[in-house]
Amino acid sequence: MEDDDDVPALSAETFAALQEFYAEQQKRQEILEKLESQQQLTENIIFEENWQLSQFWYNEKTVQSLVRVIDKSLQDNGKVALISCPTLFVPVKRQVGNRASVILLEYDRRFEVHGSDFIFYDYNAPLKLPSDLEHTFDLVVADPPFLSEECIEKTSETIKHLAKDKIIVCTGAIMKECVEKLLDLKQCEFQPQHRNNLANEFSCYANFDLDNVLR
């Protein structure tokens, strides 16, 4: 029989981190159970921005503008994929109701609270997705998390894999050349804004006349 001294003990820091993990896990489960019990999404779930994941939430005006574009661009029984833009999910879901389906692809597992409408997505594995999603989305909206050529290149692989029609990409203005080259999108007059003012100028790109939809 082994001595108790041979059993590894958790450090105070590790124990605290473990407690935090379980608390966050419990919080997500409670929210998910509430949504399931109501059988609908009745509240927007906004977590704190995680700057380590390069998360910067849109302000309300930007959310409403993008929701309007998405709603007007979808036909009945349409499908929209939201890549790395989780704050759009609930507002879009509310707006389109039952006439279209909305899927969120996101690296942050906190958004698992959206149940079967959530797909874990890591841009480093751009095609590690359910096999039945290829070219099935009428509209793909993406906001690549990092302003780097590697990130936009890999996210573009995902976008081209999922999209069968319209594409919207929101990212830094410095990525203009990459976006145009990789996805053949055009820069829009509409400019996304964030809750916290960012140093980098942001732009919106699309393969259709997004500005006209907003007018």
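Rules used throughout
- Residues numbered from 1 in each chain as written.
- Predicted model: local features only at pLDDT ≥ 70, side-chain atom pairs only at ≥ 80, totals over all residues.
- Heavy atoms only, no water.
- Axes fitted to C-alpha atoms, helices over the stretch in contact; angles between N-to-C directions.
- Helix = DSSP H or I, 4+ residues; strand = E, 2+ residues; numbered from the N terminus.
- Parallel < 35°, antiparallel > 145°, perpendicular 65-115°, else oblique.
- Left-handed = near helix turned anticlockwise from the far one by under 90°.
- Contact = heavy atoms within 4.5 Å.
- Nonpolar A, V, L, I, M, F, W, Y, C, P; charged D, E, K, R; others polar.
- Salt bridge = Lys/Arg side-chain N within 4 Å of Asp/Glu carboxyl O.
- Phe/Tyr/Trp six-rings, centres within 6.5 Å; stacked < 30°, edge-to-face > 60°.
- Buried < 20%, exposed > 50% of the residue type's maximum accessible area, 1.4 Å probe, protein only.
- Lys NZ or Arg CZ within 6 Å of the ring centre and 35° of its normal.

1. Thoughts on the packing of helix H4 (residues 149-162) against helix H5 (residues 176-183)
The N-to-C vectors of H4 and H5 enclose an angle of 30 degrees; their axes lie 10 Å apart at closest approach. Relative to H5, the element H4 is oriented roughly parallel. In the crossing of H4 with H5, the sense of the turn from one axis to the other is right-handed. Across from Glu149, Ile152, Glu153, Ser156, Ile159 and Lys160 in H4, the residues of H5 making contact are Cys178, Val179, Leu182 and Leu183.

2. Section: the packing of helix H2 (residues 60-73) against helix H3 (residues 89-96)
Between H2 and H3, whose axes approach to 10 Å, the crossing angle comes to 40 degrees. One finds that H2 runs oblique with respect to H3. The handedness of the crossing between H2 and H3 comes out as right-handed. Residue-level inspection shows Val63, Val67, Ile70 and Asp71 of H2 in contact with H3, the latter providing Pro91, Val92, Gln95 and Val96. Its residues placed into classes, the contact of H2 with H3 shows six nonpolar, one polar and one charged.

3. Things to note about the pattern of salt bridges
Taken as a whole, this structure holds 10 salt bridges when the rule is applied. Two residues, Asp76 and Arg99, come together in a salt bridge whose shortest N-O distance is 3.6 Å. Here Asp76 is found in the loop between H2 and strand E1 (78-83), whereas its partner Arg99 is found in the loop between H3 and strand E2 (100-106), with 23 residues between them in sequence. Within the structure, one salt-bridge network assembled from shared partners comprises Asp71, Asp76 and Arg99.

4. Here's the deal with the packing of aromatic side chains
Counted according to the given criterion, the structure contains three aromatic pairs. Consider the rings of Trp57 and Phe111, whose centres lie 6.1 Å apart with planes at 90 degrees: the pair is edge-to-face. Of this pair, Trp57 sits in the loop between helix H1 (12-38) and H2 while Phe111 sits in the loop between E2 and strand E3 (118-120), and the two are 54 residues apart along the sequence. Judged by centre distance (5.4 Å) and plane angle (40 degrees), the rings of Tyr107 and Phe120 are tilted. With a gap of 13 residues between them, Tyr107 in the loop between E2 and E3 and Phe120 in strand E3 connect regions that are remote in the sequence. The exposure class of Phe120 is partly exposed, given its relative accessible area of 31%. Geometry around Phe137 places Lys79 over its ring, the cationic atom sitting 4.6 Å from the centre. Sitting over the ring of Phe208, Lys166 keeps its end group 5.7 Å from the ring centre.

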